[in-house]
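Architecture and fold: a report
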Amino acid sequence: MKLPSASEMRELDRSAIEEYGILGMVLMENAGSSTVLMMEKVLGQASNSFALILIGPGNNGGDGLVIGRHLHQRGCEPVFLFLVAPEKLQGDAASNLHIVKKLALPLHVLDTAARVQTLPALYQQLTATGKPCYAIIDALFGTGLTRAIDGHVVELIRLINTEAWSAGIPKIAIDIPSGLHADTGMIQGACIPADHTATYGCAKPGQLLEYGLEVCGRLHVLDIGIPPAALAAIAIQQEAFTNQEATRALAKIKRSTTSHKGSNGHLLVLAGSIGKTGAAILSVTGALRSGCGLVSLCCPQDLNVIFETRLVEAMTIPLPASNAAIGIDDLTTIEQHLHGKKALVIGPGLGMAEQTAQLVLHLYHTVEAPMVIDADALNILAQYKNQLQPPPGPRIFTPHPGEMARILGISVAKVQEDRILAARTACQLLDQTAGLCTVILKGAGTVIVSEGGKTWINTSGNPGMATGGMGDVLSGIIGALICQGLCPQEAACTAVYLHGMAGDELYDIMGAGYSATELADTLPRSIKQLNKQGDLSC
């Protein structure tokens, strides 16, 4: 599912109007009528009620006017609340205002803070007629908003968000909740959280990122008549990675009846140090639970008994030169055991000793096999980023926002302001034109970026995954999928989705509080479910 940015969406609208001759009024009419159909589906019939429709200055306000007219035809009284003087509307929005006036539908101008304060009294007058409020429809600002909302509009949003009278009334966002940045998912000054968002043509990146996941409610992507050819003609860089994409990816590596452990790949993991043995255990477990044929763990010799006891299905390689942490003195042994391995996971619980850093840098610059770089290995590369050269093989980086901030040399807040930009910048910085790097920026709406800035936003996962060890499991899943035959970019996207899908199953059952170990143990069920869906679609 393509996710056009605000500028790309404007280009789609322009193309539909100018190149295909579809009038803007037609697109606006389609948006409004399809929204009302959606509302009836989720809210029930609108007759014998009233609706508060917040009208802003642009085409979003025009959509709201069309919605009000269609509600009126269904026996619902639309009450238009203009946050700007109505005469300021232009183009198609002004044309729809003209129709509303001809129909003598009620409109009120709330263009000052004092007028905004009259809204609760107006609401009481409307409910005194005995009619219920069908919905509050937010048609204030659309995807073009790039500034912080201020002034009397903030006062209105505060009233709607905090006053008791509005509690329980369904909130419907038109295209996007007002105040949500369409590209980044950040809140611009203030925002009205929606129960349902009717978004037009395509979903937008910001609806799947950060605060967008909280304020959009249920997202409905509505067709308003933009030609598929117009969509195909624009090189949209962002896509949502959904259940369908994950199903198609796993179908490529579905096991045959004659498969054996050797045909499902052998993964090498370099992980663990004193106090961080759990990270190594979780990474290996994630790989095994994702179907990897064989997993070997290189670990400090003094910690081997822990891993031998806990990881009975994996093989351990105790490194004789290591006591508490793996280091450059173990290089010869590690290189011997890299032979025959389809991928390498490095970093979970590895530590950041100088000897360890030397090892990580050497392997980064010499290993041709795909390498999943996580945790301490990421921090080491960030510390020595000025020494990095183009890698000789595929590299998948898995930073959380803190690790990303260290890679880019900026604050975590700056990373979160624009997660797509941060991931693309890191991919460019680390790849150095080699075309071999994939960056996974973990978080709410995990972002995956590969060569050329191609970007995917994950659609699975939940707040219950905000606990220790989850990233370690993910690194093992990625390695396992590469070993089974997916290319690094596809393995990265599919692993992130599977990881979130397993978490979603646990969250549905118990809410927050499940562990990374429990998530790893849920992975086979998630894989089975996706494989079953793939069978049904054949």
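Note: the structure precedes this text.
These numbers come from a predicted model, not from an experiment. (Residues numbered from 1 in each chain as written. Predicted model: local features only at pLDDT ≥ 70, side-chain atom pairs only at ≥ 80, totals over all residues. Heavy atoms only, no water.)

1. Here's the deal with the overall build of the protein
Counting secondary structure elements, the protein contains 21 helices and 17 strands. The C-alpha atoms of the protein give a radius of gyration of 27 Å, which matches the 24 Å a tight globule of 538 residues would have. Taking the principal axes of the C-alpha coordinates as reference, the protein spans close to 85 × 50 × 45 Å. By the burial criterion, 59% of the 538 residues in the protein qualify as buried. Sequence-distant contacts in the protein: of pairs separated by 6 or more residues, those separated by 24 or more amount to 74%. Accessible surface for the protein amounts to roughly 21,200 Å². Of this, 53% is attributable to carbon and sulfur atoms. The centroid of the 37 positive side-chain charges in the protein is displaced by 4 Å from the centroid of its 47 negative side-chain charges. (Helix = DSSP H or I, 4+ residues; strand = E, 2+ residues; numbered from the N terminus. Rg over C-alpha atoms; globule rule 2.2 N^0.38 Å. Buried < 20%, exposed > 50% of the residue type's maximum accessible area, 1.4 Å probe, protein only. Contact = heavy atoms within 4.5 Å. Areas by Shrake-Rupley, 256 points an atom, 1.4 Å probe, with all protein chains shown as cover. Lys, Arg positive; Asp, Glu negative; His and termini not counted. Charge placed at Lys NZ, Arg CZ, Asp CG, Glu CD.)

2. Let's talk about the pairing of strand β9 (residues 266-270)
Among the 5 residues of β9, 5 are classified as buried, and the element is accordingly described as predominantly covered. Because side chains alternate across β9, one face comprises the buried residues H266, L268 and L270, and the other comprises L267 and V269, equally buried. Across 5 bridges, the pairing between β9 and strand β10 (residues 294-300) is parallel. Note that in β10 the partner of L270 across the bridge is C298. The β-α-β motif built from β9, the intervening helix α11 (residues 277-289) and the parallel element β10 has right-handed crossover chirality. Here 4 bridges tie β9 to strand β12 (residues 343-346), and the two strands are oriented parallel to one another. Counted as the bridge partner of L270 is I346 from β12. (Pairing = 2+ DSSP bridges. Right-handed = clockwise from strand over helix to strand, strands pointing away.)

3. Considerations on the sheet that holds strand β1 (residues 49-55)
Note: strands within a sheet are paired through backbone hydrogen bonds, in either parallel or antiparallel orientation. Taken together, the 7 strands give an open sheet; going across it, the order is β3-β2-β1-β4-β5-β6-β7, and neighbouring strands pair in parallel fashion. If you trace the sheet from one side to the other, it starts and ends with β3 (107-109) and β7 (218-222), each paired once. Each strand of the sheet is rotated relative to its neighbour by a mean of 20°, with strand direction disregarded. With 3 bridges joining them, strand β2 (residues 76-82) and β3 adopt parallel strand pairing. Bridge pairing in β3 links F80 to L107. Set on the sheet, helix α2 (residues 24-43) makes contact with β4 (133-139), β5 (171-174), β6 (196-200) and β7; between it and β6 the angle comes to about 150°. Across the sheet, helix α6 (residues 119-127) touches β1, β2, β3 and β4, and the angle it forms with β1 is around 155°. (Axes fitted to C-alpha atoms, helices over the stretch in contact; angles between N-to-C directions.)

4. Looking at the pattern of salt bridges
Here the structure, examined in full by the defined rule, presents 18 salt bridges. Two residues, K276 and D376, come together in a salt bridge whose shortest N-O distance is 3.2 Å. Placement of the pair is K276 in the loop between β9 and α11 and D376 in helix α15 (residues 375-383), with a sequence separation of 100 residues. Overall, K276 belongs to the partly exposed group, its relative accessible area being 36%. (Salt bridge = Lys/Arg side-chain N within 4 Å of Asp/Glu carboxyl O.)

5. Some remarks on the sheet that holds strand β13 (residues 371-373)
An order of β8-β17-β16-β15-β14-β13-β12-β9-β10-β11 is seen for the 10 strands of this open sheet, with the pairing classed as mixed. Two strands close off the open sheet at either side, each with one partner strand: β8 (238-241) and β11 (315-319). On average, each strand axis in the sheet is inclined to that of its neighbour by 20°, with strand direction left out of account.

6. Considering the packing of α15 against helix α16 (residues 401-408)
Two elements in contact, α15 and α16, have axes whose closest approach is 8 Å; the angle formed by their N-to-C orientations is 20°. In this view, α15 runs roughly parallel relative to α16, as classed from their interaxial angle. Read as a crossing pair, α15 and α16 show a hand that is left-handed. Contacts between α15 and α16 involve A375, L378, N379 and A382 from the first element and E403, R406 and I407 from the second. By residue class, the composition of the contact of α15 with α16 is 4 nonpolar, 1 polar and 2 charged. (Parallel < 35°, antiparallel > 145°, perpendicular 65-115°, else oblique. Left-handed = near helix turned anticlockwise from the far one by under 90°. Nonpolar A, V, L, I, M, F, W, Y, C, P; charged D, E, K, R; others polar.)

7. Concerning the side chain of D431
Secondary-structure assignment places D431 in helix α18 (residues 419-431). Within the buried core, D431 has no salt-bridge partner, and the shortest N-O distance to an opposite charge, that of R395, equals 9.5 Å. Among the polar contacts listed, one links the side chain of D431 to the backbone nitrogen of L436, at a separation of 2.7 Å. A polar contact of 2.9 Å, which involves the side chain of D431, links it to the backbone nitrogen of C437. In contact with D431, not counting residues within four places along its chain, are P390, P391, L436 and C437. (Polar contact = N/O pair within 3.5 Å; in protein donor to acceptor, adjacent residues only side chain to side chain.)

8. Re the layout of surface pockets
The volume enclosed by the largest pocket comes to roughly 920 Å³. What lines the largest pocket is a set of 30 residues, among which G443, A444, G445, G461 and N462 lie closest to the centre. Elements represented by at least two residues in the lining of the largest pocket include exactly α8 (212-215), α19 (470-483) and α20 (488-510). No other element matches the 4 residues that α19 contributes to the lining of the largest pocket. When the residues that make up the lining of the largest pocket are grouped by side-chain class, the tally is 10 nonpolar, 16 polar and 4 charged. Taken as a whole, the second largest pocket encloses approximately 550 Å³ of empty space. Along its surface, the second largest pocket is lined by 23 residues, and D13, N59, N60, D63 and D175 are the ones closest to its centre. Of all the secondary structure elements, the ones that give two or more residues to the lining of the second largest pocket are α1 (6-19), α2 and α3 (59-73). A class-by-class count of the residues in the lining of the second largest pocket yields 11 nonpolar, 7 polar and 5 charged. (1 Å grid on protein atoms, 1.4 Å probe; cavity = no way out; pocket = protein on both sides within 12 Å on 5 of 7 lines; lining within 4 Å. Points joined across faces, edges and corners; volume = space filled by probe spheres on them.)

9. A few points about the environment of G409
Position of G409 relative to the elements: it lies in the loop between α16 and α17 (412-417). With relative accessibility at 58%, the residue G409 sits in the exposed group. Taking the C-alpha atoms as reference points, G409 and Q383, 26 residues apart in sequence, are found 9.8 Å from one another.

10. So, the environment of K41
Locating K41 in the fold gives a position in helix α2. Given a relative accessible area of 74%, K41 falls into the exposed group. Along the backbone, K41 and M9 are 32 residues apart, and their C-alpha atoms lie at a distance of 26 Å.

11. What to know about the packing of α11 against α19
Put simply, α11 and α19 touch, their axes get as near as 6 Å, and they point 35° apart. The interaxial crossing formed by α11 with α19 has right-handed handedness. Between α11, through A279, L282, S283, G286 and A287, and α19, the contact on the second element is made entirely by D472, V473, S475, G476, I477 and A480. Tallied by class, residues from the contact of α11 with α19 come to 6 nonpolar, 4 polar and 1 charged.

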